[in-house]
Amino acid sequence: MKTLCFFLQISRNMHQGNQTTIAEFILLGFVHQDEHQNLLFVLFLGMYLVTVVGNGLIILAISLDTYLHTPMYLFLANLSFADISSISNSVSKMLMNIRTKSQFISYESCITQMYFSIVFVITDNLLLGTMAYDCFVAICHPLNYSTLMQPMFCILLTVIPWLLSNIIALTHTILLIQLPFCDHNTLSHFFCDLAPLLKLSCSDTIINELVLFIVGLSVIIFPFALIFFSYACIIRKSSAQGKWRAFSTCGSHLTVVLLFYGTIVGDTDKTGAVLFTVVTPMMNPFTYSLRNKDMKGALRKLINRKSSSL
Ligand SMILES: *[C@@H]1O[C@H](CO)[C@@H](O)[C@H](O)[C@H]1NC(C)=O
């Protein structure tokens, strides 16, 4: 974090030289009336706590239950980790600003927040693709499952989303810090998101928008195609009874995918961003633990272990 800020400071001095630049941005948040701020604070703090507790329980249950040390659940634990990080990154500054009755965020914090918001959303997206591939192998090639999903390959399948998302975020960040910001520094948003930041710049942002469009499209289309073909095969290959079994195994994944892509459509405004960075991470644990027998069993074991140790 510190290194990133330092790096931003240097490259900013290099690129913008004698141009007038702004040192901080203003985050307008949601409402301007004072009487609604407390309600907003309670609402978002509540969603934040539910997300952290829900996803935290999933990670704990999976890591303590050796029965769940299978690729599917390790991917799920990674998804939960990305969800906790995503919501912490997007709402923490907003909650702090409501408490301190301030709307400012420094240039460096803003860019750092934008960097991590890209990392977590893309990681989430790519992990959903990874999980679809896992379902596909489990159902369409069950006999080859252990040869196809070797431990090293599974680790690679979780490392790639994190690595790729960091490379993409770095690309966007380097392109963004070249841009001058003259006198407009008010973001009508609740965190520093790439699209609204681009709108504030006083120079041409065509290259940034082009990169955003191409990278964004491929990062959405590739996992989506993977998910689509996996499920097409799953439906085609299985018998009526097998279909039912397939949907009870991978159905929770499909729910999360629908939730995720449902919220992606029509994004870029504030409501879209709330769904994307707050509501989806909060809902993931519920879609999994409520629909999945193994997950429920593991959570029950976790709670029993806690109550017997007390
Ligand atoms: C993510 O997946 C890797 C390997 O598949 C696993 O070793 C790691 O524990 C997982 N991360 C979390 C937070 O569970």
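Just so it is clear, the model here is predicted, and its values are computed rather than measured.

Take helix H4 (residues 107-140) next. For H4, with 34 residues, the first-to-last C-alpha span of 50 Å sits near the 50 Å given by 1.5 Å per residue. The buried count for H4 comes to 27 of 34 residues, which makes it a mostly enclosed element.

Compared with the 24 Å implied by 1.5 Å per residue over 17 residues, the 24 Å span of helix H11 (residues 293-309) between its first and last C-alpha is a close match. Within the sequence span of H11, burial applies to Met295, Ala298, Leu299 and Leu302. With its buried residues spanning 100 degrees around the axis, H11 presents them on a single face. Among the exposed residues of H11, those pointing more than 90 degrees away from its buried face are Lys293, Arg300 and Ser308.

In this section: the pattern of salt bridges. By the definition in use, this model includes one salt bridge. Between Lys301 and Asp65 there is a salt bridge whose closest N-O contact spans 3.0 Å. Within this pair, whereas Lys301 is found in helix H11, its partner Asp65 is found in the loop between helix H2 (34-64) and helix H3 (71-100), the two being separated by 236 residues in sequence.

We now examine the packing of H3 against helix H6 (residues 151-177). In the contact formed by H3 and H6, the axes pass within 10 Å of each other and the chain directions differ by 20 degrees. Here H3 lies roughly parallel to H6, going by the angle between them. Note on packing geometry: the crossing formed by H3 with H6 is right-handed. Packed against H3, whose contacting residues are Pro71, Phe75, Asn78, Phe81 and Ala82, the element H6 presents Cys154, Leu157, Thr158 and Trp162 at the interface. Its residues placed into classes, the contact of H3 with H6 shows seven nonpolar, two polar and no charged.

Taken together, Leu74, Ala77, Asn78, Cys154, Ile155 and Thr158 are the residues near the ligand. In this structure, Asn78 approaches the ligand through a side-chain N or O atom, which is 2.3 Å from an oxygen atom. Isolated, the ligand exposes 360 Å² of accessible area, and the fraction of that covered by the protein chains is 63%. Put simply, the parts of the chain that give the shell around the ligand at least two residues each are H3 and H6. In terms of residue class, the shell around the ligand is built from four nonpolar, two polar and no charged.

So, about the state of the cysteines. All told, the structure shown has two disulfides when counted by the stated rule. There is a disulfide in this structure between Cys110 and Cys192, and the S-S distance comes to 1.9 Å. What sets the handedness of the Cys110 and Cys192 disulfide is the S-S torsion sign, and at about -110 degrees it is left-handed. Taken as a pair, Cys110 in helix H4 and Cys192 in the loop between strand S3 (186-187) and helix H7 (194-200) lie far apart in primary sequence, 82 residues in all. Just as Cys110 is buried, Cys192 falls in that class too. A sulfur-sulfur separation of 1.8 Å characterises the disulfide bridge that pairs Cys182 with Cys202. The chirality of the disulfide connecting Cys182 with Cys202 is right-handed, given an S-S dihedral of about 65 degrees. Linking Cys182 in the loop between H6 and S3 with Cys202 in the loop between H7 and helix H8 (206-237), this pair joins segments that are 20 residues apart in sequence. For Cys202, a relative accessible area of 38% gives the class partly exposed.

Those places that UniProt annotates as "transmembrane region" (unreviewed entry) correspond, in this numbering, to residues 39-62, 74-95, 115-140, 152-177, 210-234, 246-266 and 272-290. In residues 39-62, helix accounts for 100% and strand for 0%; the two terminal C-alpha atoms are 35 Å from one another. Secondary structure content for residues 210-234 is 100% helix and 0% strand, and the end C-alpha separation is 36 Å.

Bridging between strand S1 (residues 24-27) and strand S2 (residues 104-106) involves three bridges; their strand directions are antiparallel. Bridge assignment links Phe25 to a residue of S2, and that residue is Ile105. With two bridges connecting them, S1 and S3 associate as parallel partners. Paired with Ile26 across the strands is Thr186, a residue of S3.

Procedures and definitions
Residues numbered from 1 in each chain as written. Predicted model: local features only at pLDDT ≥ 70, side-chain atom pairs only at ≥ 80, totals over all residues. Heavy atoms only, no water. Helix = DSSP H or I, 4+ residues; strand = E, 2+ residues; numbered from the N terminus. Expected span 1.5 Å × (residues − 1). Buried < 20%, exposed > 50% of the residue type's maximum accessible area, 1.4 Å probe, protein only. Arc of directions from axis to C-beta. Salt bridge = Lys/Arg side-chain N within 4 Å of Asp/Glu carboxyl O. Axes fitted to C-alpha atoms, helices over the stretch in contact; angles between N-to-C directions. Parallel < 35°, antiparallel > 145°, perpendicular 65-115°, else oblique. Left-handed = near helix turned anticlockwise from the far one by under 90°. Contact = heavy atoms within 4.5 Å. Nonpolar A, V, L, I, M, F, W, Y, C, P; charged D, E, K, R; others polar. Near = heavy atom within 4 Å. Polar contact = N/O pair within 3.5 Å; in protein donor to acceptor, adjacent residues only side chain to side chain. Areas by Shrake-Rupley, 256 points an atom, 1.4 Å probe, with all protein chains shown as cover. Disulfide = S-S within 2.5 Å. UniProt positions renumbered as here; feature names shortened; annotations may be inferred. Pairing = 2+ DSSP bridges.

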